[in-house]
Amino acid sequence: MSTAVETASSAVIVAIDGPSGTGKSSTSKAVAAKLGLSYLDTGAQYRAITWWMLNNGIDVASPAEIATAAAKPVIVSGTDPSAPTITVDGEDASGPIRTQEVTSKVSAVSAVPEVRTIITELQRSIAAGAEGGIVVEGRDIGTTVLPDADIKIFLTASPEARAARRSGEVKGSDLAATREALIRRDAADSGRKTSPLAKADDAVEVDTTELTLQQVIECVVTLVEEKRTAA
Ligand SMILES: Nc1ncnc2c1ncn2[C@@H]1O[C@H](COP(=O)(O)OP(=O)(O)O)[C@@H](O)[C@H]1O
Ligand SMILES: Nc1ccn([C@@H]2O[C@H](COP(=O)(O)OP(=O)(O)O)[C@@H](O)[C@H]2O)c(=O)n1
């Protein structure tokens, strides 16, 4: 599988990786909107394939069953940062992919190599088709999906800050339980054999624990603009 993604020479490719709750989605969407770039949420694609598996009676405890079914769902991502979309077999999946059930099963599905091969190919073709450039966020974008990205950012934050941000999104959620679930998912994503969550050697690490979202956005915009000016 070739990893080279050819885009127009003026098109910038930005890879943003990091664990859950570090601000990848919020930052990536805002940076893309501000700079007129497309936006791809790769986590939404892994959530979408997981949702399809659960809906279609696939035993998500069985990597063999997951591998056999992996090519069946048709996943389409809309890349407008002001209105990102995701459909599975033509059906809007943007709501159902955020349920607790999908969140608790997505790491098991995304660890299956056949799933990663299919979704990685899809991500590369979307990036190659983004003529004006794209911000792609996930776990393995800088290391595996787009190793030649123009700029790589790795966002981090303390588990406490990340859990507080996540539980702030759901009314009445338990902070300690959110923290535990988040740490479990990070461990599964970092520990899998195929393209684990990892910082690329040439990524810029930004610790967002003490930063506001606005500060993180400004920091990433500055890094992209510096890179564009230098090119
Ligand atoms: N620097 C920050 N400070 C405070 N809250 C933040 C910050 N970055 C993101 N958030 C909030 O944290 C939550 C999770 O952010 P999100 O962008 O979905 O993270 P990720 O995509 O890394 O899981 C959102 O509610 C978002 O508004
Ligand atoms: N590039 C990626 C993106 C997500 N994922 C998987 O998809 C899951 C959901 O990603 P997400 O970005 O929606 O997660 P949140 O941190 O936003 O909750 C992750 O926990 C990983 O298991 C992945 O394996 N590789």
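Residues numbered from 1 in each chain as written. Chains lettered and ligands numbered in written order. Predicted model: local features only at pLDDT ≥ 70, side-chain atom pairs only at ≥ 80, totals over all residues. Heavy atoms only, no water.

Per an unreviewed UniProt entry, the protein carries the name Cytidylate kinase and comes from Streptomyces rhizosphaericola. Under the UniProt heading Sequence similarities (unreviewed entry), the entry covering the protein gives this text: "Belongs to the cytidylate kinase family. Type 1 subfamily." Per UniProt, the comment on the protein under Subcellular location (unreviewed entry) is "Cytoplasm". (UniProt positions renumbered as here; feature names shortened; annotations may be inferred.)

(A) Expanded view of the pattern of salt bridges. In total, this model carries nine salt bridges according to the counting rule given. Of the charged contacts in the structure, one is a salt bridge between Arg 98 and Asp 41, with a shortest N-O distance of 3.3 Å. Of this pair, Arg 98 sits in the loop between β5 (91-92) and α4 (100-110) while Asp 41 sits in strand β2 (residues 38-41), and the two are 57 residues apart along the sequence. A salt bridge links Arg 116 to Asp 140; the shortest N-O distance between them is 2.9 Å. (Salt bridge = Lys/Arg side-chain N within 4 Å of Asp/Glu carboxyl O. Helix = DSSP H or I, 4+ residues; strand = E, 2+ residues; numbered from the N terminus.)

(B) Fine view of the site of ligand 2. As a structural note, the neighbourhood of ligand 2 is formed by 19 residues, with Arg 47, Arg 116, Asp 140, Arg 185 and Asp 189 the closest of them. Note that a nitrogen atom of ligand 2 is positioned 3.0 Å from one of the side-chain N or O atoms of Thr 42. Within the contact set of ligand 2, an oxygen atom lies 2.9 Å away from a side-chain nitrogen or oxygen of Arg 192. Burial of ligand 2 by the protein chains amounts to 97% of its free accessible area of 530 Å². Of all the elements in the fold, those that place two or more residues in the shell around ligand 2 are α2 (42-55), α4 and α8 (175-191). Of all the elements, α2 adds the most residues to the shell around ligand 2, at four residues. A class-by-class count of the residues in the shell around ligand 2 yields three nonpolar, six polar and ten charged. (Near = heavy atom within 4 Å. Polar contact = N/O pair within 3.5 Å; in protein donor to acceptor, adjacent residues only side chain to side chain. Areas by Shrake-Rupley, 256 points an atom, 1.4 Å probe, with all protein chains shown as cover. Nonpolar A, V, L, I, M, F, W, Y, C, P; charged D, E, K, R; others polar.)

(C) Summary view of the packing of helix α1 (residues 24-35) against helix α9 (residues 213-230). Closest axis-to-axis distance for the α1/α9 pair is 9 Å, and the angle between their directions is 50 degrees. Between α1 and α9, the angle is such that the two are oblique. Of the two elements, α1 crosses α9, and the hand of that crossing is right-handed. Mapping the contact onto sequence places Ser 26, Thr 27, Ala 30, Val 31, Lys 34 and Leu 35 in α1 and Leu 213, Val 216, Ile 217, Val 220, Val 221, Val 224, Glu 225 and Arg 228 in α9. The class makeup of the residues in the contact of α1 with α9 is nine nonpolar, two polar and three charged. (Axes fitted to C-alpha atoms, helices over the stretch in contact; angles between N-to-C directions. Parallel < 35°, antiparallel > 145°, perpendicular 65-115°, else oblique. Left-handed = near helix turned anticlockwise from the far one by under 90°. Contact = heavy atoms within 4.5 Å.)

(D) A look at the side chain of Asp 140. In this structure, Asp 140 sits in the loop between β6 (134-138) and α6 (141-145). At 2.9 Å, the side chain of Asp 140 forms a polar contact with the side chain of Arg 116.

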